[in-house]
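In case you want the letters, here they are:
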Amino acid sequence: LLGLGVIGFVVLALVNAGRITLGDEAESLASGVIKLLLGLLLLLKGAPSQWRGRPKEGEEPVMPKWMTAIDGITSGKALGLAFFLSGLNPKNLALNLAAAITIAGAGLTIGEQAISFVVFVIIASVSIIAPVLYYLIAGESAEKTLTIWKAWLNANNATVMAVLFVIFGFKLLGDGLAVLFG
């Protein structure tokens, strides 16, 4: 929540302070170009690299080093890792920037922008919040299910990420084109 929130609120603050100018229109040329570039980046860089990174048939997927160490890290390191993974992860950063730029260009008051962005952050974090709440509510009985989910995600991570990059890439590309040529 903090990673997404800090990055987004910094963008909103910079736009509202005039440090980043999106133009006078609700959806400006600058926001269209930014969305177009973010979409192209996800489609041309993110999706192909994730797809090529899939494990071959019968090959065990390699768990990222940060994931293998996660069970033994301190709460402070966990907070830093969570901030990095949520706020600075390329997929999250692209979507977060696009959301903040869209909200900033929507002609809302600063308070309405803040509320809109908080709602975005909560919705964007549901895939993290849900398993945590499940564990907090179900306790030890949730461990088996969460372990199965973790194994599935580890085995299919590259494919899931490639598909997400394609979906989000086309969404941002379409939004950018709509602003530029709509």
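Refer to the preceding data block for the structure.
Quick notes on the rules
- Residues numbered from 1 in each chain as written.
- Predicted model: local features only at pLDDT ≥ 70, side-chain atom pairs only at ≥ 80, totals over all residues.
- Heavy atoms only, no water.
- Axes fitted to C-alpha atoms, helices over the stretch in contact; angles between N-to-C directions.
- Helix = DSSP H or I, 4+ residues; strand = E, 2+ residues; numbered from the N terminus.
- Parallel < 35°, antiparallel > 145°, perpendicular 65-115°, else oblique.
- Left-handed = near helix turned anticlockwise from the far one by under 90°.
- Contact = heavy atoms within 4.5 Å.
- Core = buried A, V, L, I, M, F, W, Y, C linked by side-chain atoms within 4.5 Å.
- Buried < 20%, exposed > 50% of the residue type's maximum accessible area, 1.4 Å probe, protein only.
- Expected span 1.5 Å × (residues − 1).
- Patch = residues over 30% accessible without salt bridge, like charges linked within 9 Å, V, L, I, M, F, W, Y side chains within 5 Å.
- Areas by Shrake-Rupley, 256 points an atom, 1.4 Å probe, with all protein chains shown as cover.
- Salt bridge = Lys/Arg side-chain N within 4 Å of Asp/Glu carboxyl O.
- Phe/Tyr/Trp six-rings, centres within 6.5 Å; stacked < 30°, edge-to-face > 60°.
- Lys NZ or Arg CZ within 6 Å of the ring centre and 35° of its normal.

Draft legend 1. Just the packing of helix α1 (residues 2-16) against helix α4 (residues 75-88), in detail. Between α1 and α4, whose axes approach to 7 Å, the crossing angle comes to 50°. By the angle between their axes, α1 is oblique relative to α4. Between α1 and α4 the crossing geometry is right-handed. Of α4, the residues touching α1 (which contributes Leu-2, Gly-3, Leu-4, Val-6 and Ile-7) are Leu-79, Phe-83, Ser-86, Gly-87 and Leu-88.

Draft legend 2. Quick look at the environment of Arg-52. Within the fold, Arg-52 resides in helix α2 (residues 29-52). Considering only alpha carbons, one finds Arg-52 and Thr-159, 107 residues apart in sequence, at a separation of 9.1 Å.

Draft legend 3. Here's a closer look at the nonpolar core. Counting 11 residues, the largest nonpolar core is built from Leu-4, Val-11, Leu-12, Val-15, Ala-99, Ala-100, Ile-101, Ile-103, Ala-104, Phe-117 and Val-121. Every element with two or more residues in this core is listed here: α1, α5 (90-104) and α6 (110-124). Among the elements that line this core, the one with the most residues is α5, at five residues. Every residue in contact with Ala-100, bar those within four places of it in the chain, is listed here: Gly-8, Val-11, Leu-12 and Phe-117.

Draft legend 4. Structural view of helix α7 (residues 126-138). Given a rise of 1.5 Å per residue, 13 residues ought to cover 18 Å, and the 17 Å separating the end C-alpha atoms of α7 matches this to within 8%. Gly-139, located one to two residues past α7, shows a positive phi value of around 65°.

Draft legend 5. A nonpolar patch on the surface, seen in detail. A cluster of nonpolar side chains, contributed by Ile-128, Val-132, Leu-133, Tyr-135, Leu-136 and Ile-137, occupies part of the molecular surface with about 640 Å² of accessible area. Judged by its relative accessible area of 62%, Leu-136 falls in the exposed class.

Draft legend 6. Seen up close, the pattern of salt bridges. Overall, the coordinates contain one salt bridge when judged by the stated rule. The salt bridge partner of Lys-171 is Asp-175, with a shortest N-O separation of 2.9 Å. Here Lys-171 pairs with Asp-175, and both are found in helix α8 (residues 143-181), just four residues apart, close to one helical turn. The exposure class of Lys-171 is partly exposed, given its relative accessible area of 47%.

Draft legend 7. Representation of the packing of aromatic side chains. Counted by the stated rule, this structure contains three aromatic pairs. Within the aromatic cluster, the residues linked to one another by ring pairs are Phe-9, Phe-117 and Phe-120. The ring centre of Trp-51 lies 3.6 Å from the NZ or CZ of Arg-54, which sits over that ring.

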